[in-house]
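# Coordinate analysis (summary)
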Amino acid sequence: MGLTGLDIFKHLPKTNCKECGFPTCLAFAMALANGKTSLDLCPYVSDEAKEALASASAPPIRMVKIGVGENELEMGDETEIFRHDKRFNHPTAIAIVVNDNEDVEAKVEAINQLEFDHVGQHYEANMVALTNASGDAATFKAAAEKAAAKTEKAFVLFSDDLAALEEAVKVLADRRPLLYAANKDNYEKMTELAKVNNCVLAVKGEDLDSLAELVEKIVALDFRDLVLDTGSREVGQVLADLTQLRRQAVKKKFRPFGYPTIAFTTKDDPHEELIQAGTYVAKYASIVVMKTAQKEIHLPLMSWRANIYTDPQKPVAVEPGVHEVGEVGEDSPVYCTTNFSLTYFLVEGEVDTTRIPSYILSVDTGGISVLTGYADNKFTGETIAKAIKEYGLEEKVKHRKIVIPGGVAVIQGKLEEESGWDVLVGPRESADIPKFAKEKFA
């Protein structure tokens, strides 16, 4: 159980200096107890107090890193049960199974191809889950060599045979893989293997109680880079287990459950597997291990993941400025919208459909939509006129015509006055842009 706010308050300097961002030391202590701030923000806390409060200031779920370099994955370090309270920090890693007795290079290449650029964001699969399906150590090592040569992604190594894991680790130790898995029978040897090779260790229990007991035994061996698996595979039970792990770690500060988690899809049908994976992404899995590498399955899953792990208090925005659609020139039409991601990409998609090379002026509204921006005085004749000059639109086109959304037709006169441009009132809905463009620019 973590320290209460009053327990923490006893160790603070009680100066009420406000330099930590809180009005009083007591308010700071309460926030620290709830994982809402860091002890480092107190400039006057003593070294003795820091040592005493170390457990309270640590995040309820330990940060664990798998992989290296650009493909290093951070997981854990979560502080919330509900994303609207603050945000979830580290998106679920998607791992794809590669069996050592299949065409390893072809499957890894398929995983490499799971990359998408969608609504201004880049999605990709994160990990190769190399599995000792053959049961042979030499085959497993050879598969590790083939996979390592084919990709720079992070790895999970699955084997019930410690000797096979030792062989594969010889190949991939410098990638800092996740080793699966320590259990009640092998945890001492698995912990030593992970320690010696600086790897992360998955811990598999038979239920929540046995998992907590096993984690405590491994921590007693002075090893804490862990990922938890409750052992459940039925969807409802996995969901219940993941929820309890998060609640006990965040609300109760129960340290044996304060680690990232791993979940596995079991369905053979890819569409059913997608539903399973989506459930685990939404409910706290740090890693989801899947079988399929079909692109049509992973795009919606990764889009779902991106939505779960966006900051609900911060709109998703694109870079403001002048964007080009097609091979534009000095006679190309100019459309204007905000830098709210959803609005912008809807407009861009419809402008692209017209097959008329065009410019889109994306005005910085702080990532909010057209009508919201207008209501907040961020999408007005003045702000659009300013953006025209700021982003050098006048140097890009010889005409002086710009299309504004029909929903804010009221700003037409002010924009013409401020900019000196002719302002065309476009359609209210982006879906009507192709018809509008055919009438005005074809």
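Scroll up for the structure.
Residues numbered from 1 in each chain as written. Predicted model: local features only at pLDDT ≥ 70, side-chain atom pairs only at ≥ 80, totals over all residues. Heavy atoms only, no water.

### Brief notes about the overall build of the protein
On a plain count of helices and strands, the protein comes out with 18 helices and 17 strands. Based on the C-alpha atoms only, the size of the protein along its principal axes is roughly 75 × 65 × 35 Å. Taken across its 442 residues, the protein has 47% of its residues classed as buried. Expressed as a percentage of contacts within the protein between residues at least 6 apart in sequence, the contacts between residues at least 24 apart total 65%. Carbon and sulfur atoms form 48% of the exposed surface of the protein, whose accessible area is close to 20,700 Å². Averaging the locations of the 50 positively and 69 negatively charged side chains of the protein gives two centres separated by 4 Å. (Helix = DSSP H or I, 4+ residues; strand = E, 2+ residues; numbered from the N terminus. Buried < 20%, exposed > 50% of the residue type's maximum accessible area, 1.4 Å probe, protein only. Contact = heavy atoms within 4.5 Å. Areas by Shrake-Rupley, 256 points an atom, 1.4 Å probe, with all protein chains shown as cover. Lys, Arg positive; Asp, Glu negative; His and termini not counted. Charge placed at Lys NZ, Arg CZ, Asp CG, Glu CD.)

### Digging into the pairing of strand β16 (residues 401–404)
Both β16 and strand β17 (residues 422–425) contribute to a ladder of four bridges, which runs parallel. Within β17, the position partnered with I404 by the bridge is V425. In the classification by handedness, the crossover that spans β16, the intervening helix α17 (residues 412–419) and the parallel β17 is right-handed. (Pairing = 2+ DSSP bridges. Right-handed = clockwise from strand over helix to strand, strands pointing away.)

### Observations regarding the packing of aromatic side chains
All told, the structure shown has ten aromatic pairs when counted by the stated rule. Ring plane angle 45 degrees and centroid distance 4.8 Å describe the contact between F158 and Y180, whose orientation is recorded as tilted. Of this pair, F158 sits in strand β7 (residues 154–158) while Y180 is found in strand β8 (residues 178–182), placing the two residues 22 residues apart along the sequence. No difference in accessibility class separates F158 from Y180, as the two residues are buried. With centroids separated by 6.1 Å and ring planes inclined at 75 degrees, the aromatic side chains of F436 and F441 adopt a geometry described as edge-to-face. Taken together, F88, Y284 and Y309 form an aromatic cluster joined through their ring pairs. The ring of F9 has K14 sitting right over it, with the charged end atom 5.2 Å from the ring centre. The ring of F88 carries the charged tip of R246 above its face, separated from the ring centre by 5.3 Å. (Phe/Tyr/Trp six-rings, centres within 6.5 Å; stacked < 30°, edge-to-face > 60°. Lys NZ or Arg CZ within 6 Å of the ring centre and 35° of its normal.)

### As for helix α11 (residues 270–282)
The terminal C-alpha atoms of α11 lie 18 Å apart, and with 13 residues this matches the ideal 18 Å at 1.5 Å per residue to within 8%. Buried within α11 are the following residues: P270, E273, Q276, A277, G278, Y280 and V281. Next to the buried residues of α11 lie α10 (235–250), β11 (262–264), β12 (287–290) and α12 (295–308). Note on α11: the residue one or two positions beyond its end, Y284, has a positive phi of about 85 degrees. (Expected span 1.5 Å × (residues − 1).)

### Notes on the pairing of β8
For β8, a buried count of five out of five residues is recorded, marking the element as mostly surrounded by other parts of the structure. For the crossover that starts at β7, traverses helix α7 (residues 162–172) and ends in the parallel β8, the hand is right-handed. With three bridges connecting them, β8 and strand β9 (residues 200–204) associate as parallel partners. The partner of L179 across the bridge, within β9, is L201.

### Notes on the pattern of salt bridges
Opposite charge on two side chains permits pairing when their charged atoms draw close. Tallied over the entire structure, the rule returns 19 salt bridges. For E213, the salt bridge goes to K217, with nearest N and O atoms at 3.6 Å. Taken together, the residues E213 and K217, both in helix α9 (residues 208–220) and four residues apart, mark about one turn of the helix. Judged by its relative accessible area of 45%, E213 falls in the partly exposed class. (Salt bridge = Lys/Arg side-chain N within 4 Å of Asp/Glu carboxyl O.)

### Describing the environment of P300
Take P300: it is sitting in helix α12. Owing to a relative accessible area of 38%, P300 belongs among the partly exposed residues under this scheme. Counting along the chain gives 26 residues from P300 to L274, while the straight-line C-alpha distance between them is 8.5 Å.

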